[in-house]
Each structure stands twice: as C-alpha cells, then as structure tokens.
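Chain residues, written in single-letter form:
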Amino acid sequence: QVQLVESGGGLVQAGGSLKLSCAASGINFKINTMRWYRQAPGKQRELVASIISTGSTNYLDSVKGRFTIARDNVKNTMYLQMNSLKPEDTAVYYCNAVMFGQDYWGQGTQVTVSS
C-alpha cells in the first residue's frame, strides 16, 4: 500500500521560510521520480518541482532560486525547502509519485504566506 505523508506547512510572513517533508512508503522510493505540486484556491494544481532518482531537479520558473527540492533515499523522504516566500506561494502543497502508470498523492499540507 502506497502512502505519502506531507508535513511542515504553516503560516509564515512574506520573506520567511518553510521546509516541507514527504515521507513515502510502499514504493521503491530510490528509483522513483518524486514531485511537489501545489493548488491555490480557484486555480489548477501546478507542478512546483521534481527530482529524479539521480538527484537531477526541475523547478517551476516562479520558484527558481527560492525553492530547493531534495531527497533522502535512506529515509524514503522528499523535502522542499522554501525561502523568500511570497503571498502568491499560498497553496496546498502535495507530494506525488507515479508507479506503474498510476498517480499517488499525499493528503496535502497548507502553506499560507501573509503580506
């Protein structure tokens, strides 16, 4: 049974930082591409960052230079370090993995950035 559990969200002032975690079980974590998505109220879910098994990363243009995705293949955990947060980063952040063509999602963690 695949489980993805996010943590680390919260309320922060603009310019502040948060670190999200996603603990994974039930998947071969070290070979899986892992992704962070976010969904703001009234908007479509968007891909924020991804990291492949080798550690290569990709980012949404609007978060480049501010967010850093990382993975710990021993702890089966993915992270998203978010610095210089902006009010437009406010959203529910979701952890995602794809296994055998099926998408798996965590329950999401709320990030709210006040101006």
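The present account deals with the structure reproduced in this document. All values reported here derive from a predicted model rather than from experimental measurement.

## Quick word on the pattern of salt bridges
In the structure shown here, the tally under the stated rule is four salt bridges. With a shortest N-O distance of 3.0 Å, lysine 64 and aspartate 61 are connected by a salt bridge. On the basis of relative accessible area, lysine 64 is assigned to the partly exposed category, the value being 48%. Accessibility expressed as a relative area gives 61% for aspartate 61, which makes it exposed. The partner of arginine 66 in a salt bridge is aspartate 89, with the nearest N and O atoms 2.7 Å apart.

## Thoughts on the packing of aromatic side chains
Under the defined criterion, the tally for this structure stands at two aromatic pairs. Ring centres of tyrosine 37 and tryptophan 105 lie 4.9 Å apart, and the angle between their planes is 65 degrees; this geometry places the pair in the edge-to-face category. With tyrosine 37 in strand 4 (residues 34-39) and tryptophan 105 in strand 10 (residues 102-105), the pair connects residues that are 68 residues apart, well separated along the chain. Residue tyrosine 37 is classed as buried on the basis of its relative accessible area, which comes to 19%. Residue classification places tryptophan 105 among the partly exposed residues on the basis of a relative accessible area of 34%. Arranged with centres 6.4 Å apart and planes meeting at 90 degrees, the rings of tyrosine 94 and tryptophan 105 form a pair that is edge-to-face. Of this pair, tyrosine 94 sits in strand 9 (residues 91-99) while tryptophan 105 sits in strand 10, placing them 11 residues apart in sequence. Three or more aromatic residues link up through ring pairs in this structure, and these residues are Tyr37, Tyr94 and Trp105. Geometry around phenylalanine 29 places arginine 71 over its ring, the cationic atom sitting 4.7 Å from the centre.

What counts as what
- Starting afresh in each chain, residues are numbered from 1 along the sequence in its written order.
- In keeping with the predicted nature of the model, local features appear solely for residues at pLDDT of at least 70, side-chain atom pairs appear and are counted solely at 80 or more, and the whole-chain, interface and lining totals rest on all residues.
- With hydrogens and water set aside, each side-chain value is computed from the structure's full complement of heavy atoms.
- Whenever Lys or Arg places a side-chain nitrogen within 4 Å of a carboxyl oxygen from Asp or Glu, that contact is recorded as a salt bridge.
- Per-residue accessibility, obtained with a 1.4 Å probe over protein chains only, is compared with the maximum for each type, and a residue is labelled buried under 20%, exposed over 50%, and partly exposed between these values.
- When the centres of two rings from Phe, Tyr and Trp lie within 6.5 Å, Trp using its six-membered ring, the rings pair. Their planes under 30 degrees apart give stacked, over 60 give edge-to-face, and anything left gives tilted.
- Helix numbers and strand numbers start at the N terminus; a helix is a DSSP run of H or I with at least 4 residues, a strand a run of E with at least 2.
- Our definition puts a charge over a ring when NZ of Lys or CZ of Arg is within 6 Å of the ring centre and also within 35 degrees of the ring normal.

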